[in-house]
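Residues per chain are reported as follows:
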Amino acid sequence: MYREQSLDQPLTISLRNKEGDIYTKREIFLSREWKKYELEFIAPSTNYSGRLALTVSGRGKVYLDFVSLFPKDTYKGRRNGLRKDIAEKLADLKPKFMRFPGGCLVHDGSLDKDVRDSQYRWKNTIGPLEERPARKNNWAYNQTLGLGYYEYFQFCEDIGAKPVPILPAGWDPHHHRAAPLDSLQPWIDDALDLIEFANDDLLTEWGSKRAELGHNEPFGLEYIGIGNEEVGAEFSERYELIHNAVREKYPQIKIINSAGPHVAGSEYERGWKSARENHSDIIDEHYYMAPEWFLANHHRYDNFSNKDPKVFLGEYASWGNTFYNVLIEASYMIGLERNAHIIALACYAPLLCNVDYINWKPDLIWFNNHQVYGTANYYVQKLFMNHQGDQLLDVHIEDDPEAVIITKNPERISGNIVLSANESTVTYYDITLTNDNTKEVCSFPECNMQIGEFTDLGMVEFKNYTLKMKAKELNGVKGFKIIFGKKDDKNKLYWEIGGWQNQDTYISEDIEGGNTCHSQCLLSVERDRDYELEIKITGRHVQTTVDGILFHDIECKPVVLEPLYYSASKEDITGDIIIKIVNVSDINRKAIIEILNTKPLTGCAFCLEGYALDAMNDFQEPEYIHPTMKEIEIDNNLEYEFAKHSLVIFRLRERISCHNQ
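Residues numbered from 1 in each chain as written. Predicted model: local features only at pLDDT ≥ 70, side-chain atom pairs only at ≥ 80, totals over all residues. Heavy atoms only, no water.

## Overview of the pattern of salt bridges
Rules: Salt bridge, as used here: a side-chain nitrogen of Lys or Arg that lies within 4 Å of a carboxyl oxygen of Asp or Glu. Strands are runs of DSSP state E lasting at least 2 residues, helices are runs of H or I lasting at least 4, and numbering of each runs from the N terminus. Think of it in three bands: with a 1.4 Å probe and only protein chains considered, a residue is buried below 20% of the maximum accessible area for its type, exposed above 50%, and partly exposed in between.
Counting across every chain of the model gives 38 salt bridges. D576 serves as the salt-bridge partner of R651, at 2.7 Å between the closest nitrogen and oxygen. In this pair, R651 sits in strand 42 (residues 646-653) while D576 sits in the loop between strand 36 (565-570) and strand 37 (577-583), placing the two residues 75 residues apart along the sequence. The class for R651 is buried, based on a relative accessible area of 9%. One connected set of salt bridges, linked through shared partners, spans K36, E38, R79 and E130.

## Digging into helix 8 (residues 323-338)
Residues that lie three or four places apart on an α-helix share one face, since the helix turns once every 3.6 residues. Operational definition: Expected helix span is computed as 1.5 Å times (number of residues minus one).
Counted at 1.5 Å a residue, the expected span for helix 8 with its 16 residues is 22 Å, and the 23 Å between its end C-alpha atoms agrees. For helix 8, the buried fraction is high: 14 of the 16 residues fall into the buried class.

## Some words on the pairing of strand 9 (residues 162-167)
Filter applied, for reference: Any two strands between which DSSP finds at least two bridges are classified as paired.
Burial runs high along strand 9: 5 of the 6 residues are buried. Sheet topology note: the strand 6 (residues 97-100)/strand 9 ladder contains 4 bridges and is parallel. Counterpart to M98 in the pairing with strand 9 is P163. Sheet analysis places strand 9 next to strand 12 (residues 223-226), joined by 2 bridges and oriented parallel. By the bridge assignment, I166 is partnered in strand 12 with G225.

## Some words on the side chain of Q154
Definition in use: Contacts between residues were defined by any pair of non-hydrogen atoms, one from each residue, lying within 4.5 Å.
Along the chain, the position of Q154 falls in helix 2 (residues 149-159). Leaving out residues up to four positions away in the same chain, Q154 has contacts with R78 and F219.

## What about the layout of surface pockets?
Counted only if it meets this: Here a cavity is any set of points on a 1 Å grid over the protein atoms alone where a 1.4 Å probe fits but cannot get out, and a pocket is any open set with protein on both sides within 12 Å along at least 5 of 7 lines; a residue lines the site when it has an atom within 4 Å of a point. Grid points are joined across faces, edges and corners, and a volume is the space filled by probe spheres set on the points.
Its volume calculated, the second largest pocket comes out at about 800 Å³. Forming the boundary of the second largest pocket are 26 residues, of which V395, H396, I592, I593 and E594 lie nearest the centre. The set of elements that each furnish at least two residues to the lining of the second largest pocket consists of strand 36, strand 37 and strand 38 (589-594). Tallying contributions element by element places strand 38 first for the lining of the second largest pocket, with 6 residues.

## Brief notes about the sheet that holds strand 36
The cut-off we apply is this: A fitted line through C-alpha atoms represents every axis, and for helices the fit uses only the stretch in contact; the resulting angles, taken between N-to-C directions, go from 0 to 180 degrees.
On the basis of which strands lie adjacent, the open sheet formed by 6 strands has the order 20-36-37-42-39-40 and antiparallel pairing. Unpaired on one side and paired on the other, strand 20 (391-392) and strand 40 (628-634) mark the two borders of the sheet. Alignment of strand 39 (residues 601-608) against strand 42, held across 7 bridges, turns out to be antiparallel. Note that in strand 42 the partner of A605 across the bridge is F650. Where helix 8 meets the sheet, it contacts strand 20, strand 36, strand 37, strand 39 and strand 42, and its direction lies at approximately 135° from that of strand 37. Each of strand 37, strand 39 and strand 42 touches helix 9 (residues 376-386); the most contacted strand, strand 42, lies at about 20° to it.

## A word on unusual backbone geometry
Glycine aside, the phi torsion of most residues is negative, and most peptide linkages are trans. Going from F100 to P101, the amide bond is cis rather than trans, its omega being -5°. Structurally, the position occupied by P101 is in the loop between strand 6 and strand 7 (135-136). With an omega of -5°, the peptide bond running from A349 to P350 counts as cis. Looking at where P350 falls in the secondary structure, it is placed in the loop between strand 16 (343-346) and strand 17 (352-354). Non-glycine residue N80 carries a positive phi angle of around 60°. N80 gets classed as buried once you look at its relative accessible area, which sits at 15%.

Rendered as structure tokens:
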């Protein structure tokens, strides 16, 4: 700060309530030169709507460059550290790793690191706070970069988690901005220099920079990710160059590729092709789905090859923070544990949400300016992290009842067909519907629609049928939307052509209002061009073509409910046996637990049960849903009744001291 005139007049800094009443204040006198000023305040009372006010007296101009009010009592007393209650909530999870910074801010933004809307470049996030250039991001809020890479590494060290930093690759898929391949060196250097900053000795440029910031010893970085939810050939080309440079200089570092933000389709396959060809150590998959998708795809990773790169499930969640959501996620995590030879890393996302800046739901931890609470999802993640074995054990249930298909009409996709204008003015014509069994053909009149309008073609009960049409976008931004298998507004499938920023085509499904994207490919709709569109339904198999070119070829799996979901493992350091069992069904289930070739055991059962499926934690009842603990003993076996809608984790050993988790 500095000022031009009235040097004998003070600048008053005060803490006030929102009505303007002053709690406490301090005065400073500014010079004509830039200078950093620091003051310490002790608030005389508690107010959750307080204000920091700077009041200028005298005449002339006062120049302010960086103003920050920061709590002194941070996590582990770190200067510029994390808010203590939020950090403690994270630390209680006992996470094995932390991915950062995460999200589309990694790749969305200008390629120029010196402009305000630049991508997240790690070198801008270290050093004196007042010298870090503030940035805006694609979630429409300002980032001071006060929480930067150094603070991330430090926090990971404080909680015993491995850091997993994610870097951009000179490609912005949101706005199609790409650094020329022959000018990619700064991006390559960012990756190499970050590893040097984290791991190398004090004689190196960036190792010495780490020491200058206060950390002489290396951070022990093992992983580095290139790209976040990347799509497009532009990323694959640039990833390869960065990958090769890192592999050559730091062969011990595990490199993470990106499979994009969807579970199938051309860009997902492109990511996997790149990972295989470049021998990436790990590939990052992201998806947010309706709870029912997780049930239908419980065995998703059972048939993945252990010769391929390992999977990093870097972002996943079902849509919601209810008790029903956590049961579904727990059942899916059982499948992840069972495939530990395939799944290298997995983490729920998003991690944090400020209740005053809600972008979407779900989120693991919610906070306001003075409170924090863990969702029901948080407690499931905590149970799985706190009770994670090192060796999978063989486990099975004798006379296990068969799984039950709960989807109505599981052999076909039936429902209404609706043509929609989505966010464009469109026309559909030459519309035909063919029953592929009888070859009967129905024709429909031309449909001309303004934005938001739709035409319902009626109910289709055929098991196998083909819908064809021609379409043209006359105005607007999002091409065409064809709904099929529609039961009601909350239950339907649809094909968007020119979706998102007119960059995608995808097949999505809404189940009870929760969205699932089954497949995504790149496609942009050109205005005033005629397109030939075709959807072919064979049972629950969906194929779509545009101008005769196949885009989607997927199976919409029916929702399957297994009687119990279970896994068992052994923890090396304690020798404990850990058994996880999830009962998603609405009936209690009895089972006899028999552990072979071991002595009598004692231990604990940690239980989540007895809640309504729509129950949630909130600021008023932050621990309404939380696990309980009870002691148990097993001689030869244990007969146990698993309550409907429950998660039970047994931790067993010859002797044990129980602590509530």
